[in-house]
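# Commentary on secondary and tertiary structure
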Amino acid sequence: MVKKCQFMIFGATGDLTYKKLLPAIFSLYKEGELCDKFKLILIGRRSLTLEDYLKDLDVEVTKQLAFHNFKDHLTYHQMDFSKQEDYEALNHYLSKENWVFYLATAPRFFEVISSHLDHYGYLDESAGFRRIVFEKPFGINFSDAKKINKHISKILDESQIFRIDHYLGKEMIQNILLTRAYNSFIEMLWHKDAIDYFEIVISEESGVHNRAGYYDGSGALKDMVQNHMFQIVALLSMDLPESLIPEVIQEEKSKILKQIKVMHNLVVGQYQGYLDEKGVKADSETETFVAMEVHVDNRRWKDTPFYLKTGKALKDKYAQVVVHFKKMSSVSENLLIIQIQPDEGIKLKINSKKPGVSNEIDNVTMDYCHSCLKYGDEPSAYGRLLLDVILGDKSLFASWDEIESSWHAIDKIEKIKPQPLIYEKHSDWHENLLIKKGWYKYD
Ligand SMILES: NC(=O)c1ccc[n+]([C@@H]2O[C@H](COP(=O)([O-])OP(=O)(O)OC[C@H]3O[C@@H](n4cnc5c(N)ncnc54)[C@H](OP(=O)(O)O)[C@@H]3O)[C@@H](O)[C@H]2O)c1
């Protein structure tokens, strides 16, 4: 374990810190996974006491904070990201130790914060590591991402840069490669001749809530497809390297992201009432739903559709990958279902004899529940990734090459994106539409 590590979160009064980062750090602390001596400086724009700051935390978490003396490790610090002089005061905390700077902010602040940290010498690693975590999205389009990357690459070594996509820290996302690598019967069938198509779904029940200000400038394509969904496509379709070394995995994923070809049958939707959400422009055409077919343009996956579907205010909250194997006869197709959330597991749908005297076939499910095997309080995706930052392990972080290629694909889609269709909240409105477009071939 690294003995001393300190965190500084920029954007600590934001939704991400309250809902994900602080609970993840607390949980690591409680499980004894954090460094022996650790400090967390929470940076926000408003002038608050620590007590005021903590009032907005979930009640359950707040109770625990007191119980475990976690609070003693926290400091709230007020500053404005854009004022260089405000950074001088940070020197007070920046002891000669290891520091992780977490930019839980919109990407427009990445350059200014890193520049000012550099200006005061806070990124110098002579007395301990200095690493910066850049929250997703990394940029708002390809040229913006390129500009940010060029800038940070001038002041930071690549080993100091952690471009986070928390989906990569999820158990079942990590399990995609391992399931492929360590099950010969799966990997031997992992090509266009055996697989008909892939379906990747991230469905959310909630609307934009208090994140409309951010979401309206982004939409489902940039918020979910550019990062989480393209990463899943890459993990499903990349060639398995001989060893699962981080750099090699990143390289293989990056090759796939360059080969992503977007087909023109795009479905874009916006839920009814979205325009009334606080922070949404009155005439906004931002999509809260997107479904699309992409292909991976190589020999292994020639003409194999990857159907991606994601949206807000849909009927259910879940994320999963369904691998549809080619159908041999009139019986149901075989499916491999990788459940990402809320259930974590793998299901295999096979055809088997019905019990009794006849030879009738039934489509049955073999069900592996991954979450059932968890012991204790395992780190959340954010917790796991924060530990990796401390350890300097970049396996579950995105390389610039990956980000560059995925933005290229998104920029192309933005150009052909139609106006959104309006859908009723929590409905199945899109299903018939997608069937018409050739999805769900065997239903
Ligand atoms: N929320 C999530 O679940 C989630 C998940 C994945 C990724 N992300 C990404 O993470 C980033 C942050 O998300 P969020 O939802 O936490 O956003 P947010 O709620 O809008 O929070 C942004 C934070 O930045 C602070 N800030 C803005 N301008 C500032 C300035 N000039 N000086 C100092 N502080 C300033 C805000 O302070 P005030 O409170 O004073 O405005 C707030 O603390 C976004 O890029 C988002 O896409 C969020």
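The text that follows walks through the structure, step by step, so that each part is easy to find. (Residues numbered from 1 in each chain as written. Predicted model: local features only at pLDDT ≥ 70, side-chain atom pairs only at ≥ 80, totals over all residues. Heavy atoms only, no water.)

Below, the discussion takes up helix 11 (residues 381-391). Three or four residues apart is the spacing at which side chains of an α-helix point the same way, because the helix has 3.6 residues per turn. Where burial is concerned, most of helix 11 is hidden: 9 out of the 11 residues are buried. Within helix 11, burial applies to Ala381, Tyr382, Gly383, Leu385, Leu386, Leu387, Asp388, Val389 and Ile390. Looking at the packing, one finds that the buried side of helix 11 touches strand 1 (4-10), helix 1 (15-30), strand 4 (99-103), strand 5 (130-134) and strand 6 (161-163). Just beyond helix 11, the residue with positive phi is Gly392, at close to 75°. (Buried < 20%, exposed > 50% of the residue type's maximum accessible area, 1.4 Å probe, protein only. Helix = DSSP H or I, 4+ residues; strand = E, 2+ residues; numbered from the N terminus. Contact = heavy atoms within 4.5 Å.)

Our focus in this paragraph is the packing of helix 6 (residues 171-181) against helix 9 (residues 219-237). Direction vectors running N to C along helix 6 and helix 9 enclose 10°, while the axes themselves pass 9 Å from each other. The orientation of helix 6 with respect to helix 9, classified from their angle, is roughly parallel. Contacts between helix 6 and helix 9 pair Ile173, Ile176, Leu177 and Arg180 from the former with Ile232, Leu235, Leu236 and Ser237 from the latter. Counted by class, the contact of helix 6 with helix 9 contains 6 nonpolar, 1 polar and 1 charged residues. (Axes fitted to C-alpha atoms, helices over the stretch in contact; angles between N-to-C directions. Parallel < 35°, antiparallel > 145°, perpendicular 65-115°, else oblique. Nonpolar A, V, L, I, M, F, W, Y, C, P; charged D, E, K, R; others polar.)

Under the counting rule described, the total for this entry stands at 22 salt bridges. A salt bridge links Lys19 to Asp15; the shortest N-O distance between them is 2.7 Å. Highlighted residues: Lys19 and Asp15, both in helix 1, separated by 4 residues, approximately one helical turn. What makes Lys19 exposed here is its relative accessible area of 53%. Of the charged contacts in the structure, one is a salt bridge between Glu204 and Lys312, with a shortest N-O distance of 3.2 Å. Here the residue Glu204 occupies a position in the loop between strand 7 (195-203) and helix 8 (212-215), and Lys312 occupies one in the loop between strand 11 (306-311) and strand 12 (318-325), the gap between them amounting to 108 residues. Across the pair, exposure class does not vary: Glu204 and Lys312 are buried alike. A cluster of three or more residues bridged by salt bridges with shared partners is formed by Arg180, Glu187, Asp239 and Arg300. (Salt bridge = Lys/Arg side-chain N within 4 Å of Asp/Glu carboxyl O.)

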